[in-house]
Structures are given as structure tokens and as C-alpha cells.
There are 2 protein chains.
Amino acid sequence: MDHWVHQMNIDSNKTSHLYIQIYCGIKQLISNKKLKHGDRLPAVRKMAGVLNVNTVTVVKAYELLERDELVIKKRGSGTYVNFENNDIMGNVLVNEEWEKIQLKQLNQMTERNISITEETINFASANPSPDLFPVDDFKEALLEVLDRDKGFAFSYQDSRGYAPLRQRMADLAKCNGISTTSEEIQIISGAQQGIDLVAKGILQPGDTVLIERPSYSGAIAAFYSRGSRVKDIELTSDGIDIDLFEKTVKELRPKLVYLMPNFQNPTGISYTLEKLKAIIELSEKYDFTILEDDYVNEFAFDSSSVNTLKSLDRYQRVIYIKSFSKIFMPGLRLGYMIVPSKVYSTLVMAKQATDISTSGLLQRALERYFHHGKWDRNMKKLTNEYYKRFCAIKSILESDLSKEITCRIPSGGLNFWIELPKGVDASLLYSKVANKNIVFAPGRLFYLNKPVYERLRISIAAVSLNQIEIGMTEMIRLIRSTDKLINTEKWSGEDKEPIL
Amino acid sequence: MDHWVHQMNIDSNKTSHLYIQIYCGIKQLISNKKLKHGDRLPAVRKMAGVLNVNTVTVVKAYELLERDELVIKKRGSGTYVNFENNDIMGNVLVNEEWEKIQLKQLNQMTERNISITEETINFASANPSPDLFPVDDFKEALLEVLDRDKGFAFSYQDSRGYAPLRQRMADLAKCNGISTTSEEIQIISGAQQGIDLVAKGILQPGDTVLIERPSYSGAIAAFYSRGSRVKDIELTSDGIDIDLFEKTVKELRPKLVYLMPNFQNPTGISYTLEKLKAIIELSEKYDFTILEDDYVNEFAFDSSSVNTLKSLDRYQRVIYIKSFSKIFMPGLRLGYMIVPSKVYSTLVMAKQATDISTSGLLQRALERYFHHGKWDRNMKKLTNEYYKRFCAIKSILESDLSKEITCRIPSGGLNFWIELPKGVDASLLYSKVANKNIVFAPGRLFYLNKPVYERLRISIAAVSLNQIEIGMTEMIRLIRSTDKLINTEKWSGEDKEPIL
């Protein structure tokens, strides 16, 4: 019997299940490189004998490792470690290696698609649910455009965006304390397209991008797709550690740094003003571009002031992206970027090579919607509704009810980043609560590598107050009974919706 | 005086202007590498003396070379060749070299944007003009969706596309003789996005892509953006030469081959069935993917049968792209792809990383539009109208009126690829006819490298019969008087529209 088996610290007196202990133990050995690619795990019966556990316990542990693609079963031969731990994040990703990552991302992305019905208690979606959409007002705007512009509403639009809408966006940015003009505005088909355009325009294969840990997986996918080296920096309670950040920047010389300074996705963390100022200074000192994804600065429930990097951008180094998916309607696929003049034409070119221009009809209708003062009214309604939900979850998380889970309560935004008891894997919990028609976003979707399995993201965007009550109670009940957590089936479903 | 000056064959008895002769002569010397990067051209007065021409003639020639970025003027020092002729197309494009190309593309793309007013005679656009759009019918479809689906019309759509629309697209493809199912359909925000997704999903930096010469510059931009090596193959009257194609494939081992087999853009050329079959066989023999851009097979005016590569795709190697910009409304930004199952999930991932999904409202409305049988009715109307225009231009081109220009009349489609007299630069003619509020697409926009300046593309999509008569007459008149063709100003304008 291999000596490493004896290094595992399996204890039936611990609160976590034995199979979880074995699973975590072997995972750690792989992570420490004590178990290497190609190593054979002991046969189930042998392993069970040495550890003095039931064979079913070992089977369960192996199944979890297989699900994570850390081991592979070969028929009639045994179970082998199938993970080359060479910390590829610091290396150039080329050819096969790069393809492997792409495929891994694909699997992640596909898993992010979940089946949602009208009855589903949807903690997974960070986008407003259809009942919150101002359908009638937007329909009016659409009709006004069709009557006014007729066929021209279906002509190609300027790649930069419909000029009157660009002006509205510049005005909107000013309300957020950002001084800009329509000459810096680029209309985009959603924030994901903005990130993709920046990746196309700024990054060349082999360039380094720094991101927060954890972060938005759609951004990671876009950076990988450019053949970039991506490196993450752990978030602390008020943003990344500036000393560690400078050290990393000095060493890796990133071309781009991707940040969400307010109510970050998924953690809800916000940066202090001092940190934002320090980052701006470092961008000039070390010559990198900042991509600021302004996820939802609008929902500042418990914070007195919100600062964006763009409003502090004295060196013209910040590209600012604003999604309307979270604060308006995701299916509209509209948003805007503020782009410093020195890279503006490069990004317009990227837009042209990507999809030429965004639908003119939708751009024109949105402009009319702003014109009639509907935007502010809707934002107010949305903010009020979200504030109630925010308080509801907050009070549950702060109550005795939820002593099994921990959460640093954010000062605003749509997301709560929850930590489960050690050994309780959120992906497994996912399958369990899905049976009760409750969904959330498993935390591992937000990690570049070495995911933390005990994390999950709860969003308030698509759940009613009543659903929050029922859903949270049920989830906490299920976390308490951590039996039968193994589920190696893949999630599937016909009509799918991405978790963003 | 440098000896090469004497090699130029300048003759005042030739029909083309002396400055054009000088310009073409020096260009050829640069192309032959007889003049190299950094070489100094003779001072204007010296050059004029040796060639026995007016100094103004030399000035004009130098201005043209400067416009083409082949030479650069250094104040107080002279004019220098500024073109590194190392035929970069066969090499990997990295870093600065790649950036240079990107910038060149940017300039091309920006130049492709032209100012259009309602009075403009627009031979440049290959997209239907707003008066041809079925605005009322589409508005009805939009209203039906809004009433039926309410907020759900603004939710995220499945990244693959709205399922009922994918079914309609599979049915539409079947009408084109392509056997497919909705499982192979990916909805895209226009053909440009389709090309971009294929580039993202299939190509890695350094991969080789073969294209036709000339070809669609938006595709070239998308391939370059992936860091690909792009190589073009000259078109003959019935498609690329198969022997030359096989030789090139054997040598360069392309990952992707981008073709427009019917009524190609910009040439109007169509492939024979034999050639298409041969290309399919070669794709299997040499293991490459074919990207078939089905530009406008629908407008087969003078040809009895139209064949697509996809309908012959016995090895599942063809990705087929269908744009609706040419056959419906460009500003809608909708189209579809047929993707073989082995690369389907890769392209869905690329779509997610690019913009998550296409607007659900527009997808749903288009599905309703099909449901009510409006698509076929509109296609019939469009085809009848285009056929009249096609015949009108054809009869002008075949008449004595236009003996200055030559054109191989296509058997259908929207484009006529016109050759001007030797030395008459279409880019210069462009400025001249633009003064008369007539626009066309200068041929050089469609070349990967070494553009043919004497070519231009005339499209029938956005001109009335009356405009065709007036516009063609005026253009031919201007071609006859080739004086004052120098114009080194850049074209600009506030509201711009891309030439596609």
C-alpha cells in the first residue's frame, strides 16, 4: 500500500462525512504534487481496508474526484490521477494546452446554463426577472421609432453607435460622476461584448491580464480566447491588497487589469477610495490599461458614496464598461463603454470586425425611452424593490437560523457570497436544492483555477420576498443534512439560461 | 542620378497621364524590390529634368505614392521609400508587425464608412435601401411577440438561439437544398459575427487561412484579429483554380478556407459544381475546415441552378453562414450558421464569450414573421425588384456607352466588378464622383495586399432604376475625363455607413 494513504487524516469523529474527508485528502495530495499525473489510486477494497471505512465510502470519494476530472477510471485497470499540475496560469497558453483550457471553459460555460421554469426559486440569476421589465414603456418607444424612422430603423447603424444614444450615455455617465463626452462612447451589445472588444483591441497572444479572485468567468473566457496569460489576485474585504498587487504587476507586467470596484461579482466587495486612487497611480507607473466593469454601482444600499475608477482616471488609462443587463433588461443586449481617445479607433475597429454594429432599432428605442424620462423612473422602482430583497436576505443571514453558513454582508449590489461548512461542496448542494426547484450559482464557476468548492453566490435579482423566505429556509435545511450529497450526473435541460 | 529612373518607361504618347505613368513605374520598382525601404527618391526638380516632364507632374506622382503609404516625406531631407516588402502574408504576424496590419485594417475599415444622404446615388451599398424593408409586417411581428411573451421577450435567450427560430432556419436551409436539423443551427448577429465566431473557435495564432482574391475585407479583419496567416488565391471566371488551390493547400496546410461560391463579393463569380465537389474532397484529404459564406445565392437571375458547398458536405467539414443583411434588413443584425456537430459546442462557447446571446425580441419577431408566411413574399418582391436593376446595369455595361470600362457580367447576385482603364485609380475616381453625390466601393478595399487600383464594385441593392441610369452615365463621363484625379484628402463625414 502506498505510503501517502497513511498521510491522510481520516477521522470518523469529525463532523464532515468520511467520503468528503477522503475526497478532500486526495485532492490536497494532488494539489501538493504528492500524487502525480498517471499515479494509480489503490483499489477500492484495499483503500477501504487500510482506512477502516466502508467500500461505499471510498467509491463515493472516487466518484467525486472523477467528476472533478482529477482522476480517470480505466476499465479493468483501476483509477489513475489525471491532472497535470503545472500551474499553467503563469505560462503562455499555446496549442494543445490552450485548447484544453478552452474546452474546460466550455464545460464551465455549459454548466452555467440551467433549466428555469416560472416556479423556480432563482438565486442564480443576477438579472432582473421578466416581471420587473418595463415592457409597456419600451414598446411605446419601439412604436415611436418605427413610426418616425420607418425603414431607417433597420439600416446599418454607425459602428460607434447611434449618435443621439451616445449623447444620452455620456449624460448618464455624468450622473455617475464621470466626466465624458459622446466622442468617448462606444455602444455595445452587452458587457460581455465590451470585454471581448477590449480583449481583441488591447491583447495579443501571450500578454498578461490580472483579474480579481474570484471573478466573472465570462471575462476569463474572453481573455483566454485571446491566448492571454491570466493571473488572479485574492480579494480582501475592501478590494485587492495594493502591496501584493504592485508586487505582481512589477513581476508580470500585465497589459490589462480587469476590476469590478463596486459590489463585485460574485463577492459583493467594494474598494476604498484610497485603493482606487492607488491603482490609478500604479497604472501610470507600470503602464497598464484598466478595464473597469461597472457591474451595479447603482444599488448602493448601505454605503454613503460610490467611487468609480473612471471618475479618478487622470491618466486616461481606464476603459469603463456599463452593462444594462443588471439594471434594465438583459435580453435587450445593450450597454456602453467609455474609451480613452488614444484607443478609441482601435476598439471601433474591433467592433466592426466583431459584428459591424448593434441593432439600430433597439438603440433608437432606448434613446426615445431616455428622452421620455422613463429610465430614471424605472431605476427608482428597481432600486426600491431590490432594497427590500437585500434587507430580507441580510436579516436571514444575520439571524441564528443560518449559523451553518457565513457571509460577509456587502454594502449594496445584488450578490451574497456565502461560505458553506468545510467539506460541503456547493456543486453537490446545487443538485440537491435543484430537486426542490431552487437554483444558485456554485462558487467554483468564478475561479480561474483551484476553485473553492465551499462557496456559492446568492443573487436577489430574480426572487420575490416570499421566494427568498422559502428558498433560504429550504437551502439551510438541506445544508444541515449533508447526506446523499454525491451526484455525478451532469445538469442538463432544454431551455437554458446562462448564470452571469 | 540613380540608374533605376532610366528604367522607367515614361511616354507622353501613351493615353494615360504622365504622372500616373511615373506613379505606376515607381510602384512597380518597389514591388520588384528594386527600390527598397529607406531608399531616397530623387528630388522633384532632378526627377523632372531626367524624365523631361513638368515638376508638377512629379509632385503629383509623389503625392499618390505618399497617399498609398509607399513613400514618406521628411521635411528638409527628401522623399523616402517607406515600405518593407517582405511579403508578410506567409509569415506569422506577431507583435508590432501584427499591430501594423491591424492599424492598416482599421484605416481600411474607417474609409469604408461613407456619408450617405437620401439624394446619394449609392452604388456602394450591397444592402437593400430602407424603402425595400417590410417595416409594417415586421412591426406586426414585434407587437405580436410583445403581447404574447411580455417581459420574456427581453430575457436572456439560449446562446444557440431561440429554439423555434432555429427550427425555421433549418427549414429555410432545406429549401436551399441543404439537409440539416435545428441541432446544427446557431443564430448569429449577422454574418460578420459568424465569421468572428469561427475565427475564435477554429483558429489559433499562427494558423493559416486561405481566402479568395479579392474577398470580403471584414473576413480578412476577423482572421487577422486572431493572429492568423492569411493567404489569398486569385479567382478565375469560375472560381479558384483547383490545381493551384491543391498546391497551395499542400504547401501551407491551412486550418480554414473561406469561400463565397455563389455570386462572390465583390466579383460576382460563381463556382462550377465540379469545382465545389473537388474542394469538398480536398478538405477531407488535407484536413481543413471550409467556411462557406453564402452571400446571396437567392438572386440567381441568369443561372439555372445554384449549388452550395454545404449541400455537398459529405465529410461534415463545411460551416455555412447565411447573412440576412442582403436579403432582408441589415440593421436587424440577424443571420444563422449551420455547424457540424463536432465543432458545434466550441462555437456555442465562442458565442457566449462574445456577447452571450442575440437579442431575444428580434429573434422572436423574426420567427413570427416566418410563421405568417411573410418571408417568402418579401423575397419574391425583392428578387423581382433586383432583377430589373440587374438587367438595367447589364444593358449599360454591354452597350457602346461604356467602352472605357470592362466587366465580366455575373449570372446573378448584387455586384458588378468593373475594371477601369489602366492607370485610372478607382480611389481617385471615388472622390471625383462623390462630388456628384455618387458613391461606389473602390476595389482596393477587397484586397489582402497589393491592391489592384483600377477595380471598383457597383452594387444594385440601394439604387433605383432611374438612379442607375443617371449614376452610370455620370460615372462613365467622369472616367473619360481623367484630369485632376489627384486627391490626397481623407474622406470623412459625420454619419457613416459601412460598405459591405
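Cut-offs and rules
- Residues numbered from 1 in each chain as written.
- Chains lettered and ligands numbered in written order.
- Predicted model: local features only at pLDDT ≥ 70, side-chain atom pairs only at ≥ 80, totals over all residues.
- Heavy atoms only, no water.
- UniProt positions renumbered as here; feature names shortened; annotations may be inferred.
- Helix = DSSP H or I, 4+ residues; strand = E, 2+ residues; numbered from the N terminus.
- Buried < 20%, exposed > 50% of the residue type's maximum accessible area, 1.4 Å probe, protein only.
- Contact = heavy atoms within 4.5 Å.
- Areas by Shrake-Rupley, 256 points an atom, 1.4 Å probe, with all protein chains shown as cover.
- Core = buried A, V, L, I, M, F, W, Y, C linked by side-chain atoms within 4.5 Å.
- Domains from an automatic or database assignment.
- Pairing = 2+ DSSP bridges.
- Axes fitted to C-alpha atoms, helices over the stretch in contact; angles between N-to-C directions.
- Salt bridge = Lys/Arg side-chain N within 4 Å of Asp/Glu carboxyl O.
- Expected span 1.5 Å × (residues − 1).
- Arc of directions from axis to C-beta.
- Right-handed = clockwise from strand over helix to strand, strands pointing away.
- Disulfide = S-S within 2.5 Å.
- Polar contact = N/O pair within 3.5 Å; in protein donor to acceptor, adjacent residues only side chain to side chain.
- pLDDT = per-residue confidence, 0-100.
- Parallel < 35°, antiparallel > 145°, perpendicular 65-115°, else oblique.
- Left-handed = near helix turned anticlockwise from the far one by under 90°.
- Nonpolar A, V, L, I, M, F, W, Y, C, P; charged D, E, K, R; others polar.

The record held by UniProt for chain A lists under Cofactor (unreviewed entry) the comment "pyridoxal 5'-phosphate". Comment text from UniProt for chain A, heading Subunit (unreviewed entry), reads "Homodimer."

Okay, the overall build of chain A next. Along chain A, the regular secondary structure elements total 16 helices and 18 strands. Within the span of chain A, comprising 500 residues, buried residues form 61% of the whole. If you take every contact in chain A between residues at least 6 apart in sequence, the share linking residues at least 24 apart comes to 76%. For chain A, the exposed surface amounts to about 19300 Å²; the carbon and sulfur share of it is 48%.

With that out of the way, let us pick up the nonpolar core. Counting residues in hydrophobic clusters, the biggest one holds 217 residues, and the most contacted among them are Phe123(A), Phe138(A), Phe223(A), Phe123(B), Phe138(B) and Phe223(B). For this core, the element with the most residues is helix α14 (residues 374-398) of chain A, which contributes nine residues. Contact partners of Phe223(A), with chain neighbours within four places excluded, come to Ile195(A), Ala199(A), Leu203(A), Val209(A), Ile211(A), Ser228(A), Val230(A), Leu256(A), Tyr258(A) and Leu291(A).

Let us look at the domain arrangement of chain A. How big an interface is tends to be stated in terms of the accessible area lost upon association of its parts. In terms of domain boundaries, chain A breaks down into domain 1 (5-81), domain 2 (113-130 + 376-484) and domain 3 (133-372). Centre-to-centre, using C-alpha coordinates, domain 1 of chain A lies 30 Å away from domain 2 of chain A.

Strand pairing in a sheet takes place through backbone hydrogen bonds and is either antiparallel or parallel in direction. Residue and element names in this part refer to chain A. Strands sit in the order β5-β12-β11-β10-β9-β6-β7-β8 across an open sheet of eight strands; the sheet is mixed. The open sheet terminates on both sides in strands that have one partner only, identified here as β5 (185-188) and β8 (239-240). For strand β6 (residues 208-213) and strand β7 (residues 229-236), the ladder comprises six bridges, and the chain directions are parallel. Bridging across to β7, Thr208 finds its partner in Arg229. Along the sheet face, helix α7 (residues 163-175) touches β5 and β12 (335-338) and points at about 110° away from the line of β5.

Okay, unusual backbone geometry next. Trans is the common state for peptide bonds, and a negative phi is the common state for residues other than glycine. Following Arg213(A), the chain continues into Pro214(A) via a peptide bond in cis, with omega recorded as 0°. Note that Pro214(A) resides in the loop between β6 and α9 (217-225). A cis geometry characterises the amide bond from Asn265(A) onward to Pro266(A), with omega recorded as 15°. Of note, Asn52(A) is a non-glycine position whose phi angle comes to about 60°, a positive value. Exposure remark for Asn52(A): the relative accessible area of 69% places this residue in the exposed category. Phi at Phe263(B) takes a positive value of approximately 50°, unusual for a residue other than glycine. Considering the arrangement of structural elements, one finds Phe263(B) in the loop between β9 (256-259) and α11 (273-285).

Residue and element names in this part refer to chain B. Taken in spatial order, the four strands line up as β13-β14-β17-β16 in an open sheet, and their pairing is antiparallel. A strand with exactly one partner marks an edge of an open sheet, and here the two such strands are β13 (406-407) and β16 (441-442). As judged from the five bridges shared by strand β14 (residues 415-419) and strand β17 (residues 455-459), these two strands associate in the antiparallel manner. Within the sheet, the bridge partner assigned to Ile418 lies in β17 and is Leu456. Sitting on the sheet, helix α14 (residues 374-398) is in contact with β13, β14 and β17, with an inclination near 15° to β14.

Let us now look at the pattern of salt bridges. All names here are of chain A. Scanning all chains against the criterion turns up 62 salt bridges over all chains. The partner of Lys394 in a salt bridge is Asp302, with the nearest N and O atoms 2.9 Å apart. With a gap of 92 residues between them, Lys394 in helix α14 and Asp302 in the loop between β10 (289-294) and β11 (318-323) connect regions that are remote in the sequence. Through salt bridges with shared partners, a single ionic network connects Glu144, Arg168, Glu367 and Arg368.

Spanning 15 residues, helix α6 (residues 135-149) of chain A covers 21 Å between terminal C-alpha atoms, matching the ideal 21 Å at 1.5 Å per step. Regarding α6(A), the residues found buried are Val135(A), Phe138(A), Lys139(A), Ala141(A), Leu142(A), Val145(A), Leu146(A) and Asp149(A). Within α6(A), the buried residues cover an arc of 160° as seen down the axis, which keeps them to one side. Exposed residues pointing more than 90 degrees away from the buried face of α6(A) are listed as Asp136(A) and Glu140(A). On its buried face, α6(A) is in contact with α13 (360-371) of chain A together with α6 (135-149) and α13 (360-371) of chain B. Looking one or two residues past α6(A), Lys150(A) carries a phi angle of roughly 45°, positive in sign.

A few words on the pairing of β9(B). Where a strand is regular, its side chains alternate between the two sheet faces. Residue and element names in this part refer to chain B. In β9, alternate side chains face the same way, and those of Leu256 and Tyr258 on one face and Val257 and Leu259 on the other are all buried. As defined by bridge partners, strand β6 (residues 208-213) adjoins β9 across three bridges and the pair is classed as parallel. Along β9, the bridge assignment pairs Ile211 with Tyr258. Pairing analysis gives four bridges linking β9 to strand β10 (residues 289-294), with the strands arranged parallel. Following the sheet pairing, Leu256 is matched in β10 by Thr289. Following the backbone out of β9, through α11 and into the adjacent parallel β10, one traces a crossover that is right-handed.

Our next topic: the state of the cysteines. Residues and elements named next belong to chain A. Counted by the stated rule, this structure contains zero disulfides over all chains. The closest cysteine sulfur to the non-disulfide-bonded Cys391 is located on Cys407, 14 Å from its own sulfur. Of the residues examined, Cys391 reaches a relative accessible area of 30% and is grouped as partly exposed.

Across the nine residues of helix α15 (residues 426-434) of chain B, eight count as buried, placing the element largely inside the fold. Its side-chain oxygen placed 2.7 Å from the backbone nitrogen of Ser427(B), Asp425(B) serves as the N-cap of α15(B).

Bringing the pairing of strand β1 (residues 71-74) of chain A into the picture now. All names here are of chain A. Alignment of β1 against strand β2 (residues 78-81), held across four bridges, turns out to be antiparallel. Across the sheet, residue Val71 finds its bridge partner in β2, namely Val81. Connecting β1 to the next strand, β2, in antiparallel fashion are three residues, including Gly76 with a positive phi near 70°.

Residues and elements named next belong to chain A. Per-residue confidence for chain A averages 86 on the pLDDT scale, and 88% of its residues sit at or above 70. In the predicted structure, residues 86-103 sits below a pLDDT of 50 and forms 36 contacts with residues beyond four places in sequence or in another chain. This model gives residues 484-496 a pLDDT under 50, and the stretch forms 33 contacts once residues within four places in sequence are excluded. Per the prediction output, this complex has pTM 0.78; the corresponding ipTM is 0.77.

Moving on, we come to the packing of helix α8 (residues 191-202) of chain B against helix α9 (residues 217-225) of chain B. A pair of packed helices is captured by two measures, namely the crossing angle of their axes and the spacing between those axes. All names here are of chain B. The contact between α8 and α9 brings their axes to 9 Å, and the two run at 25°. Looking at the two axes, α8 sits roughly parallel to α9. When the axes of α8 and α9 are compared, the crossing they make is right-handed. Counting all contacts with α8, which are made through Gln192, Ile195, Asp196 and Ala199, the residues of α9 involved are Gly218, Ala219, Ala222 and Phe223. Looking at the contact of α8 with α9 residue by residue, the classes come out as five nonpolar, two polar and one charged.

This part takes up the environment of Tyr286(A). Residues and elements named next belong to chain A. Note that Tyr286 resides in the loop between α11 (273-285) and β10. Between the C-alpha atom of Tyr286 and that of Glu246, which follows or precedes it by 40 residues, the distance is 8.9 Å. In contact with Tyr286, not counting residues within four places along its chain, are Glu246, Val249, Lys250 and Arg253.

Residue and element names in this part refer to chain A. Here Ala199 is to be found in helix α8 (residues 191-202). Along the primary structure Ala199 and Gln363 are separated by 164 residues, whereas in three dimensions their C-alpha atoms are 24 Å apart. Every residue in contact with Ala199, bar those within four places of it in the chain, is listed here: Ala222, Phe223 and Arg226.

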